[in-house]
Amino acid sequence: MVDIETVAAGGTTGKKLVNEPSDPVLPASSHYKPSSAAGQSAAVSLEKVLTTPAVRKIAKENQVDLTQVRGTGPKGRVLKEDILLYLQNRGRGIPNLPPVSAPVSSPVSAPVSAPASAPTPISAPTPVPVVSGVDQRVPIRGVQRLMVKSMTAALQVQHLTYCEEINFDALKQLRSELKSSMAKRNIKLSYMPLMIKAASLALLQFPQLNATVNSEVTEVVYHANHNIGVAMDTAKGLVVPVLRSVQAKSLAEIAQELQVLQDAALKGTLTEAQLQGGTFTLSNIGSIGGTYAVPVLVVPQVMIGAFGRLQTLPRYVNSRGQPATVEQIEDGEAQVCPATLMNVSWSADHRVVDGATVAKFSNVWKKYLEHPASMLSDLR
Ligand code: COA
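Just so we're clear, the structure is a prediction, and the values are computed from it rather than from any experiment. (Residues numbered from 1 in each chain as written. Predicted model: local features only at pLDDT ≥ 70, side-chain atom pairs only at ≥ 80, totals over all residues. Heavy atoms only, no water.)

Caption draft 1: Spatial organisation of the overall build of the protein chain. Scanning the protein chain from terminus to terminus reveals nine helices and 16 strands. For the protein chain, with 380 residues in total, the buried portion stands at 39%. Accessible surface, the protein chain as shown: approximately 21300 Å² in total, 55% of it carbon and sulfur. (Helix = DSSP H or I, 4+ residues; strand = E, 2+ residues; numbered from the N terminus. Buried < 20%, exposed > 50% of the residue type's maximum accessible area, 1.4 Å probe, protein only. Areas by Shrake-Rupley, 256 points an atom, 1.4 Å probe, with all protein chains shown as cover.)

Structure below.
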């Protein structure tokens, strides 16, 4: 299993739980509720519910007693989603949920008058897997249980992470040329087979990175076969099936095998054998999103790479279309052009791999992808 921390450019955005600043949280000033205390049948308990004008408006339009709505905000404040959930449940005949805590008690001035107009229909919120109202206890089983094991093992290893930007302009061109001819053979050519093959070619020069280390950290095995695990997102969670002997396979064979594994992963039919024996791992989180990802090692392997999302961004190039040097930029001999870029992050087991080796490996991999014709000379 493999896990990553994703880092979005410019930081992450958090979901706002309360209403807008222009929508200040105020106590509802006029809600009456019959007291439940015996012998007080004639009395009413005046309860002040913390909420916002917007929520009070919805309550009023739908004739909702706010004291009956469970508030999930601070101090039991009734949020907009609380009242929407209440209305949704009411529509389905689901009993009301009690308030989380006693509402703030203070005398209030006047009861709410009945609404003059008909209640405004509220569209049901899109169903999302949000725990609302009642806490849920979910056992950690199956794929998730395996993830616990592998992440616990990875925690014992000191990781080093190294990041680089790759220009995909040439690879994009090559892929578009190959894609249709491969499609005629029923082969889907995404960028993954190209990145996998480039990694395998680079590993031929750095066999110490296609390796596993024993638990006592007394021995490293440099593997002859490049058995490259590919992290895949499935409905049941993350799985990492393995493409075997990549060093001996053509691009078409890699693409076909990847497709077979991806189909099996999505159907949940991967076998134990297809998930074992990896010597190196790649994870393309960019197909989902994110510009950078920090990958976590699949112990006992010593290296893993994670790819971010392809982006088109401005970069300086010289008159030959190559990345411009600082001098060329300063001398006005460079211009800004759009470039297709992807970030890669390599994590390695720093107990047995040093940063310089990772950087040199990354440089070779980068060269293959930025000048894909160079892969031809090294293909077997
Ligand atoms: N940035 C932008 N687009 C990308 C991309 C990237 N990094 N990687 C792939 N794409 C594009 C592909 O080119 C393809 O577009 P196309 O149909 O126009 O060619 C599309 O996204 C879908 O690609 P996909 O079917 O996912 O194939 P793939 O070979 O690129 O990736 C997997 C295969 C299995 C790696 C991928 O489907 C997946 O599961 N990724 C998630 C891995 C993950 O969860 N990692 C996290 C580990 S914690």
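Still more ground to cover, so stick around.
Caption draft 2: Broad picture of the pattern of salt bridges. Enumeration over the complete set of coordinates arrives at six salt bridges. Between Glu 164 and Lys 366 there is a salt bridge whose closest N-O contact spans 4.0 Å. Note that Glu 164 is positioned in strand 6 (residues 159-167) and Lys 366 in helix 8 (residues 355-370), a separation of 202 residues in sequence. For the pair Glu 164 and Lys 366, a shared accessibility class is recorded, and that class is buried. A salt bridge links Glu 165 to Arg 315; the shortest N-O distance between them is 2.8 Å. A residue pair is termed long-range when its members are at least 10 positions apart, and Glu 165 in strand 6 and Arg 315 in strand 15 (residues 311-317) qualify at 150 residues. (Salt bridge = Lys/Arg side-chain N within 4 Å of Asp/Glu carboxyl O.)

Caption draft 3: Structural detail: the nonpolar core. Within the largest apolar cluster, 47 residues are counted, with the highest numbers of intra-cluster contacts made by Ile 196 and Trp 365. The leading source of residues in this core is helix 5 (residues 191-205), at 10 residues. Among the nonpolar cores identified, the runner-up in size contains 11 residues, and Ala 59, Val 64, Ile 83 and Leu 87 belong to it. (Core = buried A, V, L, I, M, F, W, Y, C linked by side-chain atoms within 4.5 Å.)

Caption draft 4: The arrangement of unusual backbone geometry in detail. Here the residue pair Val 299 and Pro 300 is connected by a cis peptide bond, since its omega of 15° sits within 30 degrees of zero. By the secondary structure assignment, Pro 300 is in the loop between strand 13 (292-295) and strand 14 (303-307). Notably, Gln 63 is not glycine yet its phi reads approximately 50°, a positive angle. The residue Gln 63 is located in the loop between helix 1 (53-61) and helix 2 (80-91) in this model. Residue Asn 186 is not a glycine yet carries a positive backbone phi of 65°. Mapped onto the elements, Asn 186 comes out in the loop between helix 4 (169-184) and helix 5.

Caption draft 5: View of the site of the ligand. Around the ligand, the structure places 24 residues, and the nearest of them are Arg 175, Lys 188, Ser 190, Asn 284 and Leu 310. At 2.9 Å from a nitrogen atom of the ligand is found a side-chain nitrogen or oxygen belonging to Ser 283. Within the backbone of Gly 308, an N or O atom sits 2.9 Å from a nitrogen atom of the ligand. Protein chains bury 76% of the 950 Å² of accessible surface belonging to the ligand in isolation. Looking at the shell around the ligand, the elements with two or more residues in it are helix 4, helix 5, strand 9 (228-234), helix 6 (251-267) and strand 12 (280-284). No other element matches strand 9, which puts three residues into the shell around the ligand. (Near = heavy atom within 4 Å. Polar contact = N/O pair within 3.5 Å; in protein donor to acceptor, adjacent residues only side chain to side chain.)

Caption draft 6: The arrangement of the packing of aromatic side chains in detail. Taken as a whole, this structure holds seven aromatic pairs when the rule is applied. With a centroid separation of 5.5 Å and 10° between ring planes, the pair formed by Phe 307 and Trp 365 is classed as stacked. Of this pair, Phe 307 sits in strand 14 while Trp 365 sits in helix 8; the two residues are 58 residues apart in sequence, bridging distant segments of the chain. The same class applies to Phe 307 as to Trp 365, namely buried. For the pair Trp 346 and Phe 361, a centre-to-centre distance of 5.1 Å together with 80° between the ring planes defines the contact as edge-to-face. Taken as a pair, Trp 346 in strand 16 (residues 335-349) and Phe 361 in helix 8 lie far apart in primary sequence, 15 residues in all. Sitting above the plane of the Tyr 191 ring, Arg 175 keeps its charged end 4.5 Å from the centroid. Positioned above the aromatic ring of Tyr 368 is the side chain of Lys 367, whose terminal nitrogen or guanidinium carbon lies 4.9 Å from the ring centre. (Phe/Tyr/Trp six-rings, centres within 6.5 Å; stacked < 30°, edge-to-face > 60°. Lys NZ or Arg CZ within 6 Å of the ring centre and 35° of its normal.)

Caption draft 7: Representation of the pairing of strand 12 in the model. Most of strand 12 sits inside the fold, with four of its five residues counted as buried. By the bridge criterion, four bridges tie strand 9 to strand 12 in an arrangement that is parallel. The residue of strand 12 that forms the bridge with Gly 229 is Thr 281. Here strand 12 pairs with strand 14 via four bridges, running parallel. When the bridges of strand 14 are listed, Leu 282 appears paired with Gly 305. (Pairing = 2+ DSSP bridges.)

Caption draft 8: Layout of the environment of Trp 346. Using a relative accessible area of 0% as the deciding quantity, one classes Trp 346 as buried. Considering only alpha carbons, one finds Trp 346 and Gly 305, 41 residues apart in sequence, at a separation of 4.4 Å. Ignoring sequence-local partners within four residues, the contact set of Trp 346 consists of Leu 160, Thr 161, Tyr 162, Phe 280, Leu 282, Met 303, Ile 304, Gly 305, Val 358, Phe 361, Ser 362 and Trp 365. Among the polar contacts made by the side chain of Trp 346, one reaches the side chain of Ser 362 at a distance of 3.0 Å. (Contact = heavy atoms within 4.5 Å.)

Caption draft 9: Inspection of helix 1 at higher detail. All buried positions along helix 1 are accounted for by Val 55, Ile 58 and Ala 59. All buried residues of helix 1 fall inside an arc of 100° around its axis, so they share one side. Two residues or fewer after helix 1 comes Gln 63, characterised by a positive phi angle close to 50°. (Arc of directions from axis to C-beta.)

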